[in-house]
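Listed below are the residues making up each chain.
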Amino acid sequence: LARVLALLRTHSSGRSLFATFPSLADMDPKARTSGSPLKTCLICGVKTATCHLGVNACRACAVFYRRAKRGKPYACRSNTRRCALNAEGGITCKRCRFDRLVRVLKGTDVEELVDAQAALESSPVGDKTPTPVRDSPTILMNDAADDRLLQAPSTSTSCDFCSSLRPKRPLLDKCKQLYKVMSSTRRTCELGARPNGPHPLQMNEEECPIYPATFGAMNSFTRGRLAAILEFAAGIFTEFAELSKDEKWQLATSFSYRLEAFEGSYRAEKLLPDDREKFLGSYTCYFSHEMADDFFSDCPYDHEKQNVEQANKILHDYIDLTLPARQVIRRAAPDNEEFHAVLLSLFWFIEGMGMREEIVRVADGYRAAVLQELQSYYREELGLTDYATRVGNFFMLILHFERSEMLKENFEMYRLLGVFTDDTFVYQMQKT
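Residues numbered from 1 in each chain as written. Predicted model: local features only at pLDDT ≥ 70, side-chain atom pairs only at ≥ 80, totals over all residues. Heavy atoms only, no water.

The chain has the name Nuclear receptor domain-containing protein in an unreviewed UniProt entry, where Pristionchus fissidentatus is given as its organism.

Next up, the structure:
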């Protein structure tokens, strides 16, 4: 049997005969071991005992993928690029089957390996040197390597070919890039401003420490957050540069309150999943009842009117009202794409701000565009046909976190209680 298998693998065509047939386990469920439960192929929906291409893909789809990569592009049978699976499993449209494979394999090494073999097999006779893939070592693909390729694990995190086929979502893509820059800027500024801050080598996202919030720290960090927001908005929205300074400032300060509330609860769920008595007030500071009594310890007091005890009570009430926002995040469970869609929509949630009609039209346009891109993500990336619940959660998050009046009212109360002076930055900001 071993010699027969060896002969089959060295067939004169130079291609593996096994590549043209499904595996024994795929053909006969009795052939698989009792310890290998059936899995559903992520591409065609049939049951399979073995997985290929590093994902839950059946042998037939793995073979189809290799052949499709070598040939000319298929045309969609319905001309919609959205053909559905058959009721009994499988997909008859080759174009849509290939598209589903591309989405499932996005960012895996399998893409590069298959491209390398396709280049080798399409090279002139006698030329056995494959075309190198990016900066990867030269890969010589023989039949044994070909079979290993079909079951290679996914390890890479990028794929230019897959990215080029993914539907373009310019607003969400740009938001993800610039939010990352904004977060890095805020993290570095906040940690660098601390008198006994961490070593620069620890000022990264993975090791970023989170400190109890104090009024002095928040007053300082708000400046950095607003500067980062202004850069963020200018990089995404082309119309932002045409606004007056007052209009830019009004949009940035309003968004700052919403960003603090939404991002603070979202990141707390990610960073502190087991500690639900905290939320983040800045990128590196948290609020909780435990730290509240020391919050005003570094304030520039108005010594004639100060009433820190009453101010602390207002802060405790604010924490009680804000902590349930984490439950809102937990129930909605927004993924990365939805998180950025909410950010963009919150920026342009300007009802009641008294902005010019032209700005209102721009805001409506951007919010509609964000929703359109989000729906495209549901259809093209997640493969959802009924995403009404997801859209409902999206609007629920916007409506919950667009409110900022309570925070403004609290600052006015703190000023009246004398815990800080009239020229304090965060107080002047809330007056705009």
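S.K.: Help me understand the sheet that holds strand β3 (residues 211-212), please; the structure alone is not making it clear to me.
M.R.: Each strand in a sheet pairs with its neighbour through backbone hydrogen bonds, running either in the same direction (parallel) or in the opposite one (antiparallel). Here 3 strands make up an open sheet; going across it, the order is β3-β5-β4 and the pairing mixed. If you trace the sheet from one side to the other, it starts and ends with β3 and β4 (279-280), each paired once. Sheet analysis places β3 next to strand β5 (residues 285-287), joined by 2 bridges and oriented parallel. Looking at β5, one finds that tyrosine 211 is bridged to cysteine 285. (Pairing = 2+ DSSP bridges. Helix = DSSP H or I, 4+ residues; strand = E, 2+ residues; numbered from the N terminus.)

S.K.: Please explain the packing of aromatic side chains as it appears in this structure.
M.R.: Two descriptors summarise a pair of aromatic rings, namely the distance from one centre to the other and the angle between the planes of the rings. If you walk through the whole model with that rule in mind, you get 25 aromatic pairs. Between the aromatic rings of tyrosine 378 and tyrosine 387, the centroid separation amounts to 5.4 Å while the plane-to-plane angle is 35 degrees, which identifies the pairing as tilted. Grouping residues by exposure puts tyrosine 378 and tyrosine 387 together as buried. Cluster of aromatic residues (ring-pair linked, three or more members): Phe232, Phe237, Phe240, Phe255, Phe347, Trp348 and Tyr366. Sitting over the face of the ring of tyrosine 283, arginine 267 holds its NZ or CZ atom 3.6 Å from the ring centroid. (Phe/Tyr/Trp six-rings, centres within 6.5 Å; stacked < 30°, edge-to-face > 60°. Buried < 20%, exposed > 50% of the residue type's maximum accessible area, 1.4 Å probe, protein only. Lys NZ or Arg CZ within 6 Å of the ring centre and 35° of its normal.)

S.K.: Explanation requested: the nonpolar core in the structure shown.
M.R.: Side chains of a nonpolar character, in soluble globular proteins, are inclined to be buried together. Counting residues in hydrophobic clusters, the biggest one holds 51 residues, and the most contacted among them are Phe237, Leu251 and Phe347. The leading source of residues in this core is helix α15 (residues 357-381), at 8 residues. Every residue in contact with phenylalanine 237, bar those within four places of it in the chain, is listed here: Leu344, Phe347, Trp348 and Tyr366. (Core = buried A, V, L, I, M, F, W, Y, C linked by side-chain atoms within 4.5 Å. Contact = heavy atoms within 4.5 Å.)

S.K.: Would you mind showing me how to read helix α16 (residues 388-401) here?
M.R.: Think of an α-helix as turning once every 3.6 residues; residues three or four places apart then point the same way. The end-to-end C-alpha distance of α16, which contains 14 residues, comes to 20 Å, matching closely the 20 Å that a straight helix rising 1.5 Å per residue would cover. Where α16 is concerned, the buried positions are Val391, Phe394, Leu397, Ile398 and Phe401. An end-on view of α16 places all buried positions within 120 degrees of arc, on one side of the element. Turned more than 90 degrees from where α16 packs its buried face, Ala388, Thr389 and Leu399 sit exposed. The inward-facing, buried residues of α16 contact α10 (245-271), α13 (324-332), α14 (336-347) and α15. (Expected span 1.5 Å × (residues − 1). Arc of directions from axis to C-beta.)

S.K.: What exactly am I supposed to notice about the packing of α14 against α15 here?
M.R.: Helix packing geometry: the angle between the two helix axes and the distance between the axes. At a minimum axis distance of 9 Å, the contact between α14 and α15 shows a crossing angle of 170 degrees. With respect to α15, the element α14 is oriented roughly antiparallel. Counted together, Glu337, Glu338, Ala341, Leu344 and Ser345 of α14 and Arg367, Val370, Leu374, Tyr377 and Tyr378 of α15 form the full contact between these two elements. The class makeup of the residues in the contact of α14 with α15 is 6 nonpolar, 1 polar and 3 charged. (Axes fitted to C-alpha atoms, helices over the stretch in contact; angles between N-to-C directions. Parallel < 35°, antiparallel > 145°, perpendicular 65-115°, else oblique. Nonpolar A, V, L, I, M, F, W, Y, C, P; charged D, E, K, R; others polar.)

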